[in-house]
Structure formats: structure tokens, C-alpha cells
Amino acid sequence: MDLRLPSKVLEHIFSFVDSNEDRNSVSLVCKSWFETERLTRKRVFVRNCYAVTPAAVARRFPEMRSLTLKGKPHFADYNLVPDGWGGYAWPWIEAMAEKSPALEELRLKRMVVTDECLEKIAASFKEFKALVLTSCEGFSTDGLAAIAVACRNLRELELRECIVEDLGGDWLSYFPETLTSLVSLDFSCLDSEVKLSDLELLVSRSPNLKSLKLNRDVSLDALGSLLRLAPQLVELGTGSFSDKLDQEAVSKLSQAFTELKELKSLSGLWDVLPEYIPLLYSVCPGLTSLNLSYATVQMPDLVELLSRCSNLQKLWVMDLIEDKGLEAVASSCKELRELRVFPSGADVDETNVALTEQGLVSVSEACPNLESVLYFCAQFTNEALVTIARNRPNLKCVRLCVMEPFAPDHKTQQPLDEGFKAIVEGCKGLQRLSVSGLLTDKAFEYIGTHGKKLRMLSIAFAGDSDLMLHHLLSGCESLNKLEIRDCPFGDTALLENAAKLETMRSLWMSSCGVSFGACKLLSQKMPKLNVEVIDEHPLKTRPDSSPVEKIYIYRTLAGPRLDMPEFVWTIHKNPEIGVSNLAIE
Amino acid sequence: MENVGVCDEFVNLKATELRLGLPGTEDEKQKVSCGKSNKRALPETEKDIESTGKTETASPPKAQIVGWPPVRSYRKNSIQTKKNEAEGQGMYVKVSMDGAPYLRKIDLTMYKQYPELMKSLENMFKFSVGEYFEREGYKGSDFVPTYEDKDGDWMLVGDVPWEMFVSSCKRLRIMKGSEAKGLGCGV
């Protein structure tokens, strides 16, 4: 009896399978499922652009409509990856233009995108609808103009924290009058002025506009007129919130805010003056997401604002909130799921000392849905971590940044080993963890023993020896991304756990004790890994024992990449070729 | 474990030692780590550090560890821009006190005159400043409030009219003990 389901039935069933993780599992069941799944997958996620070739992706998923790509390693955010390392969008755009011209959405993160890329997109994808660039660089406002003028069905154009060469604000005027499909526009990272009249015209002919994020340059006055044109907004990123307005203008702006009945998310608020905070009160009860991380607002004003945000789920704020402010959040924002507290000063010694571990403890006590935390703080204690773990076993993401490297528990002077032990032991579903402060190998033994669901781990200035890495690689079963800087260990643990690396997306290690010889060995042992050595100060001769500055190891089906700059070396699988800067076929 | 014990001790010393600036400004002696031969010296710094790590003098050039704290450049730049712009609004200055492990920041525009400022500082750091005399400076206490002015000179707080002080004060330092004597505390 043939038990196979007809492919039409399979297709129908698979159309209900949304998550790519599920689709990946589905495609492993058998050949016919693989075939049917690949022919029906519309949204493709490639989380390391060097793990697979563009051609292979296009070939496997002919019905692809949405492509998400990530380029540089995460630590590139903190300037640890030298410029020119790679992550170029061009090869992907070129390949898709030829093989997947029906592509509608492109989401890129940490990639180098040039004006040429943007022009190619504009010229090649007739049904193009969404361009979302996060932490990308390499393009200018000219490229944006190309997108604006050509993409007739554009729905989303979002530039999140990109570095854009600003050649003037005219690019907005390139959106044709016939373009009425805009749903989301985010140009918050642009420096220069945008012509208000162009913006107003665009907004007024976009009845579906739900999300608008302005850049700093857009004045309060301009904000008022834009809000009146788009009272249907669900997400708003204001411009600068600091011009001096007369009484009439203030009351008009206040009125405009009260008309925003659908508003759920608020951000921007650069330079916000305390006297304008009350303007926001009317939207507070409806907010689920509030980003105050660029607003230099002092604690009392923050308390006034946040005590009105009873439905808040996501809060990003600076340490100006202080412990007292977080207590207010704890009592008012019972729906809180995600909290991020950023430093207001650029350096360790400018940290606001009125924000301590107590703030996070208060929130963990009172907010039952809290799952994700990012917390910059001058110092911490084991006791606080233990309390937090006990309060909130449902935490999924804990990123603690104790600003001073090697800082111990400030009450007991002990390492923070026990505190993090409580976290990994108590929070059984923990998926992402960043540790800091003084930590010995013991901390990592605990993490290896208990962190079974941990997928991403970030470590800096910690540990004593190779054991640290060994505990992690041998213990953390779900480990997918590991990034380490300035930790004192080297080769043994890496080589002993080499097989583990093929089950992970990537491993980054910088300023650790890994030797060149170990890199060579590792590369030769593991055929499906790219072992990249990043060294901006290479020695003339490289003895095996010499330490390498940075290594980036990732699994790949594509082999060594061909676009490496001179400071990146890949270790060849063929020992005769050895190390090369240009991968040879 | 014995090694860890030694390390702890060393760490305790390190943790309680008073110093400004980040690790990496330590002098040679302290760079030798606690017996773990594969523990490297602290990471590359952006600037050359010549400080001896002593706290008595005005803060040494800060050690900048690349990529630390882990804040995106985009955000760092925003803060920087804000700092530059904020010079006019609210006069936040750092206050250090000899012997205290960390600094505070106060907004000078919150005060109208010297006595208010002194009271606030006394509360903040739990000390008392003695009485101010025009000629002899502060008498009756080991603590002397000083400030760094626009020219980079260290001055006694209280000598100039309040408004002039607010506009020229870059940072405050509460000196203690023998160092304070030089500034005319007249004890």
C-alpha cells in the first residue's frame, strides 16, 4: 500500500507550517517531503551569508519571495571586526536578480550594501515590496532615491541604525505621486534634513501608513503636522523633541497626540525637554513598546511617564532611570516582557551610580512576564542574581554588562560564579546569556552543566583556563553562537571539542590564547568549517605557536570565501597550500 | 583550590584598590597576573597610558578598551552628540572625593549659592567641610572642596561669585588630608 500523501495534499499541509525551524525539520523527513517543502517555502532565512552560496539558495527555493540575510559577526557592532572584513550584499542581489526576479522582500543585517546594490534591486525586482536594512553601511541617499523612484509597490523602507552617506534630503521627493502603498518608513538614522513638504505629501497619500520613524532633524513643529496627517499610526519614532514652542503650538501638538488612538510603539524622543513629557501622557496607556534610550530624561520625569504606561511590554531606557525609576516601573508596568537599560555615559566612570543591581531585582520581583533583560550597570552582586533567578525562572534572555571588567561582587568581593549559576540553574528555558564581572572557570562549569537550552553566549574578560571553553563546548547542547573576547585559554579545549563546532553556527574568539598551529589543525580536521584568522598586525613568519588576534569559525557548505581582504586568512584544508589569503579552487 | 585562593586575595586587593580609569592603567607590578601563566595582560588600548594609577592627582588619561563597554557605535555617537549639545543645559559636573570608590555627578544649576552646594556635597559623601574664610580658606576640617576651572587650574570653592563659579567649574574634587594643605586650608 502506498502510504505517501499526494504532493498537493502535502503542499496544503505545509502551507500551515510557518516557522522556518519547523520547515527545516519537515524537509529532513524524506525526499518527497524535502521536495514539496522546498517548492513551497516563501520566506528564506540565511543567518550567515557565507554558510551557503546565493546560487544554492535560489536553486533550492524557486518560490522564494522574502530573503533575510545576516553578514558580519555580532561583535562587529562593537568595532571588533575591522572594516572591509566582508558581508557584501552584492553577490546575493546579483544572483537573485537573475534567478529569483519575483523576490519581494529583502532584510539584511550587518551587511555592506552599496548604491549599486540598491540600484540593482530597483531595476530587477518588479514586485519589490520591502527593504529592511539593520546595521548596514556602504550606501548613500542616492541609493535610496533609486529605490524610491522605481519600486512602485513599495510597502516597507526601514533603515535601522545604518550608516548612510548623506548626500542631501531630496531622496524623499523621488517617491512618485502614484505611490500610495507605504506601510512603514524608517529613516531615523539619517543625519541630514529631509524636506518637510516632501514628507508631508508622502504621508498624506499613504493611508496604510502604520509605522513612521523620523530622524533627529525633524522638528517638533513638523511632527505636529505629520501626526495630523497620519492619526492611524501604530508606531511612531519622533524627531528631536526640544524646540521651544509657543503655547498655541504646544496645545496643537498635544491635541495631535490625543488623536493617535492606535499608537502602540513610541521611540525617538531625542533631546526631549522635561516640559514636553506631558505631551506624551495621552498615548501612554496604549503603549506596548517604549524606547527612551536616546532621551536624556531624569528619573522624576521618567517616573511620571512610566507610571502611566500600564500596558507596556517592552521598555528601553538609559540608566538615568535609576533604581527608584525601576521601582516605579515594577509597580506600574505589570505586562513588561523586555527591559533594556543602557549606559548614559560613554565610559565606565561616567556610569550613573544611582542605578544598581537593586533596580533589576525590583523589576524581576514584580513583573511576572519578564523574559528578556539587557542591563548595563557599574557593579553587581551574587545575591541579586540569585534573587532574580528565583523571582523569574521564565527568563529567556539575560545580558548583564557589568561595566568594569573583572569587577567582583561588590559586597563580598567574590567572583560572580554563584550568581550566574543561579541564573542558568533556575532559568531552565534560558536561550541567550551574556556574562560579565569577575568569573572563574567554575562559572563556566555551571553554565555547561545547566545551560542546556542556551543558544547564544557572549563572554568577555572571564575565566582562568582552557577548562572554561571545554565546559561550554562539551556541556551546552543547544549552543549555536559563541562569542568570546579577552579570555585566557587556548588550543586544547578548541581541538578537543572540534566536532561541536560543526553543530554551531559560529564561534568568535578575539584576544584569547589560540595559536596559529591550532587553527591549522582545526581547519584540516573539520572539512565543513571555515576557520578565518583576522590579523591586522601579522608577523612576517608565522610560527605555529604564535597567537592569533581574532578567529571566526563558522560552518559552511560554500567552502572558503573568495572576497577576503588582506588581513583575513583562511586555513586551507589542503596542508600543502597551508594558509592563504585568497581561497584557491 | 589553592591557586584560586591566591587569586582571590589578589583580586580583593585589586577590587578595593583606589584608582581611576579602567584596568590597563595598572603599573607593571600588577600586570603580573595571579599565577595563571596563560592569563594575558589586559587588551589593547586605544591610547598610550602613562599613568601610575594613583588617585591623588587629577584623573589620568582614560584607558579605552576597544569595543568596551559593548555599546553600538551608533548609540555611542548619539550620546557623544548629546553631551556636546548639552553643555548649555543643566550643568552636570563630576564630583570626586579622595578615598571614595566612585564619583558622583551633580547639576550645579540646582543650587543658588555656595551653602546649598556644600550641604548637598556633605550629604552625598557624608563628611563636613568646615568653615570658609576669605583669606584662610576652609578651617576645622580635613576636607577641602576644590574645583577645576576652564583653564585647567585647581581652585578653592568659594573664592569667586557663585555665577562665575557655575560658569567656569568643570569638575569638583573634595581633597583630603595633607594634599589639601597646599591650597590654603590654614589648619
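What you see is a predicted model, and the numbers here were worked out from it, not measured in a lab.

The next thing to look at is the overall build of chain A. Along the backbone of chain A there are 20 helices and 24 strands. Looking at chain A as a whole, 60% of its 585 residues are labelled buried. For chain A, the proportion of contacts with a sequence separation of at least 24, taken over those separated by at least 6, is 70%. For chain A, the computed accessible surface area is about 22900 Å², with 52% contributed by carbon and sulfur atoms. Of the charged side chains in chain A, 65 are positive and 81 negative, and the gap between their average positions amounts to 8 Å.

The next point concerns a nonpolar patch on the surface. Residues and elements named next belong to chain A. On the surface, L5, V9 and I13 cluster together to form a nonpolar patch covering roughly 230 Å² of accessible area. Along the chain, L5 turns up in the segment before α1 (7–14). Classification of L5 by relative accessible area gives partly exposed; the value is 43%.

Side-chain pairing between opposite charges can occur once the charged atoms of the two side chains come close. By the definition in use, this model includes 29 salt bridges over all chains. Salt-bridge contacts for R110(A) lead to D77(A); the nearest nitrogen and oxygen are separated by 3.0 Å. Taken as a pair, R110(A) in the loop between β3 (105–109) and α6 (115–124) and D77(A) in the loop between β2 (66–70) and α5 (90–99) lie far apart in primary sequence, 33 residues in all. D77(A) shares its class with R110(A); the two are buried. Salt bridges here are not isolated pairs; linked through shared partners, they connect D77(A), R110(A), E161(A) and R72(B).

This part takes up the packing of helix α13 (residues 357–366) of chain A against helix α14 (residues 382–391) of chain A. Residue and element names in this part refer to chain A. Running from N to C, α13 and α14 cross one another at 15°; their axes reach a closest spacing of 9 Å. As the angle between them shows, α13 and α14 are arranged roughly parallel. By crossing handedness, the relation of α13 to α14 is classed as left-handed. Where α13 approaches α14, its residues E357, L360, V361, S364 and E365 are matched on the opposing element by A384, T387, I388 and N391. The residue makeup of the contact of α13 with α14, split by class, is 4 nonpolar, 3 polar and 2 charged.

Residues and elements named next belong to chain A. Its location among the elements puts V303 in helix α11 (residues 299–306). Along the sequence, V303 and S225 sit 78 residues apart, while their C-alpha atoms lie 28 Å from each other. Once residues lying within four places of it in the same chain are set aside, the contact partners of V303 are G325 and A328.

All names here are of chain A. Taken as a whole and judged by the stated rule, the model has 4 cavities of 30 Å³ or more. When its volume is computed, the second largest cavity comes out at roughly 140 Å³. Forming the boundary of the second largest cavity are 16 residues, of which P73, H74, K481, S506 and Y552 lie nearest the centre. Going through the elements one at a time, β19 (481–485) and β20 (506–510) are the ones with two or more residues in the lining of the second largest cavity. Looking at side-chain class alone, the lining of the second largest cavity contains 5 nonpolar, 4 polar and 7 charged residues.

Residues and elements named next belong to chain B. Taken in spatial order, the 5 strands line up as β2-β1-β7-β5-β6 in an open sheet, and their pairing is mixed. Looking at the sheet topology across the chains shown, the edges are occupied by β2 (104–107) and β6 (154–156). Each adjacent strand pair in this sheet contributes to an overall mean axis angle of 30°, direction not counted. Packed on one face of the sheet, helix α4 (residues 114–125) meets β1 (92–97), β2, β5 (143–149) and β7 (169–176) and runs near 155° to β2.

Further remarks concern unusual backbone geometry. In this chain, W68(B) is followed by P69(B) through a cis amide linkage whose omega measures -5°. Looking at where P69(B) falls in the secondary structure, it is placed in the loop between α2 (28–31) and α3 (73–85). With a phi close to 50°, S135(A) is a non-glycine residue in the positive phi region. Phi is positive for L269(A), which is not a glycine, with a value near 55°. With respect to the element layout, L269(A) can be found in the loop between β11 (265–267) and β12 (289–291).

Scanning all chains against the criterion turns up 26 aromatic pairs over all chains. Taken together, a centroid distance of 5.8 Å and an interplanar angle of 65° make the contact between F406(A) and F461(A) edge-to-face. Here F406(A), found in the loop between β16 (397–402) and α15 (417–426), pairs with F461(A), found in the loop between β18 (456–460) and α17 (466–475); they are 55 residues apart in sequence, far enough to count as distant. Exposure remark for F406(A): the relative accessible area of 14% places this residue in the buried category. Residue class for F461(A) comes out buried when judged on its relative accessible area of 1%. Within the aromatic cluster, the residues linked to one another by ring pairs are Y50(A), F75(A), Y78(A), W85(A), W508(A), Y552(A) and Y554(A). Sitting over the ring of F342(A), R75(B) keeps its end group 3.6 Å from the ring centre.

Quick look at the pairing of strand β21 (residues 529–534) of chain A now. Residues and elements named next belong to chain A. Across the 6 residues that make up β21, a large majority, 6, are buried. Alternating positions in β21 separate into two faces, L529, V531 and V533 on one and N530, E532 and I534 on the other, with burial throughout. Bridge count between β21 and strand β22 (residues 550–555): 6 bridges; the pairing is antiparallel. Residue V531 lies in a different strand from β22, and its bridge partner there is I553. Two elements, β21 and strand β23 (residues 568–571), share 3 bridges in a ladder whose sense is antiparallel.

On to the side chain of N382(A). Here N382(A) lies in helix α14. At 2.7 Å, the side chain of N382(A) and the backbone nitrogen of G419(A) are in polar contact.

Calculation criteria
Residues numbered from 1 in each chain as written. Chains lettered and ligands numbered in written order. Predicted model: local features only at pLDDT ≥ 70, side-chain atom pairs only at ≥ 80, totals over all residues. Heavy atoms only, no water. Helix = DSSP H or I, 4+ residues; strand = E, 2+ residues; numbered from the N terminus. Buried < 20%, exposed > 50% of the residue type's maximum accessible area, 1.4 Å probe, protein only. Contact = heavy atoms within 4.5 Å. Areas by Shrake-Rupley, 256 points an atom, 1.4 Å probe, with all protein chains shown as cover. Lys, Arg positive; Asp, Glu negative; His and termini not counted. Charge placed at Lys NZ, Arg CZ, Asp CG, Glu CD. Patch = residues over 30% accessible without salt bridge, like charges linked within 9 Å, V, L, I, M, F, W, Y side chains within 5 Å. Salt bridge = Lys/Arg side-chain N within 4 Å of Asp/Glu carboxyl O. Axes fitted to C-alpha atoms, helices over the stretch in contact; angles between N-to-C directions. Parallel < 35°, antiparallel > 145°, perpendicular 65-115°, else oblique. Left-handed = near helix turned anticlockwise from the far one by under 90°. Nonpolar A, V, L, I, M, F, W, Y, C, P; charged D, E, K, R; others polar. 1 Å grid on protein atoms, 1.4 Å probe; cavity = no way out; pocket = protein on both sides within 12 Å on 5 of 7 lines; lining within 4 Å. Points joined across faces, edges and corners; volume = space filled by probe spheres on them. Pairing = 2+ DSSP bridges. Phe/Tyr/Trp six-rings, centres within 6.5 Å; stacked < 30°, edge-to-face > 60°. Lys NZ or Arg CZ within 6 Å of the ring centre and 35° of its normal. Polar contact = N/O pair within 3.5 Å; in protein donor to acceptor, adjacent residues only side chain to side chain.

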